[in-house]
Amino acid sequence: GAGVSQSPSNKVTEKGKDVELRCDPISGHTALYWYRQSLGQGLEFLIYFQGNSAPDKSGLPSDRFSAERTGGSVSTLTIQRTQQEDSAVYLCASSQRLAGQGGTQYFGPGTRLLVL
Amino acid sequence: AQSVTQLDSQVPVFEEAPVELRCNYSSSVSVYLFWYVQYPNQGLQLLLKYLSGSTLVKGINGFEAEFNKSQTSFHLRKPSVHISDTAEYFCAVSGEGSYIPTFGRGTSLIVHP
């Protein structure tokens, strides 16, 4: 079946512009995560959605970052007034069960964001 | 709180040699442990995971890992590596009942011919 897809695969933008990153999770997966991966760093948790519950936004680095998930499926991560330090790979993952229940996360290929 | 330490940022090895990638964790509750692999320009995919039962876990591509509770470790091993194993490997831990796993910084496995 189809895996997690993300678009665009690459995004180059100018400092100060807004960007939108899209994630299509695996159908039926209720949990959706966004992570940021910077060069030489591990995965930095950004935000978590579970069904219709309020998202856990505790990982968002600043109020320039926001995300929404429509209809329990597609999610969009928005970065306003981008800064050069926002340059990274943004990964989306979905799962059927929580990691704390042994659930596996299925990752998309990521969006490489470069802020000039 | 939970944390993961991957002790080696880079592991170079020759083809057909054995390899061990080290992972140590800390958690105040029971844990589930995962190893993910990331090939260049791709997302992460699951190699193997420990949930319960046998402490020796076998995964895809000939990899295995051993859960050692007393040493709080979950090291990944392969008896003979191939060029195609060149990738970034991430260890992750999730406390029982939690929904956000914690990932290590990753170990870059570089297999030389």
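Every residue gets a number counted from 1 within its own chain, in the order that chain's sequence is written. Each chain gets a letter, beginning with A, and each ligand a number, beginning with 1, in the order they are written. This being a predicted model, a pLDDT of at least 70 is required before a residue's local features are given, and a value of 80 or more before pairs of side-chain atoms are given or counted; all residues contribute to the totals for chains, interfaces and linings. Hydrogens are left out, water is left out, and the side-chain values use all remaining heavy atoms of the structure.

Visitor: Can you help me understand the packing of aromatic side chains in this one?
Guide: Both the distance between ring centres and the angle between the ring planes are used here to describe each pair of aromatic rings. Think of it this way: a Phe, Tyr or Trp ring, Trp meaning its six-membered ring, pairs with another when their centres are within 6.5 Å, and the plane angle makes it stacked under 30 degrees, edge-to-face over 60, tilted otherwise. Scanning all chains against the criterion turns up 13 aromatic pairs over all chains. The interplanar angle of 80° and the centroid separation of 5.5 Å between the aromatic rings of A:Y35 and B:F103 together place this pair among those described as edge-to-face. Here A:Y35 is found in strand β4 (residues 31–37), whereas its partner B:F103 is found in strand β11 (residues 102–103) on a different chain. Here A:Y35 and B:F103 have matching classes, each one buried. With 6.1 Å between their ring centres and 25° between their planes, B:F34 and B:Y36 make a pair best called stacked. Per-residue accessibility, obtained with a 1.4 Å probe over protein chains only, is compared with the maximum for each type, and a residue is labelled buried under 20%, exposed over 50%, and partly exposed between these values. For B:F34, a relative accessible area of 2% puts it in the buried group. The exposure class of B:Y36 is buried, given its relative accessible area of 1%. Here the aromatic cluster, defined as three or more aromatic residues joined through ring pairs, consists of A:Y33, A:Y35, A:F45, A:Y48, A:F107, B:F34, B:Y36, B:Y99 and B:F103. For the purposes of this entry, the term helix denotes a DSSP run of H or I that reaches at least four residues, the term strand denotes a run of E that reaches at least two, and both are numbered from the N terminus.

Visitor: Can you help me understand the sheet that holds strand β3 (residues 19–24) of chain A in this one?
Guide: All names here are of chain A. Read across the sheet, 4 strands follow the order β1-β3-β7-β6 without closing on themselves; strand pairing throughout is antiparallel. One side of each edge strand has no neighbouring strand; the edge strands of this open sheet are β1 (5–7) and β6 (65–69). Each strand axis lies, on average, 15° off the axis of its neighbour in the sheet, ignoring direction. Looking at chain direction, β6 and strand β7 (residues 75–79) are connected through 5 bridges and run antiparallel. Paired with E68 across the strands is T76, a residue of β7. Should DSSP find at least two bridges between two strands, the strands are taken to pair. Axis geometry follows a simple rule: fit a line to the C-alpha atoms, using only the stretch in contact for helices, then measure angles between N-to-C directions, giving values from 0 to 180 degrees.

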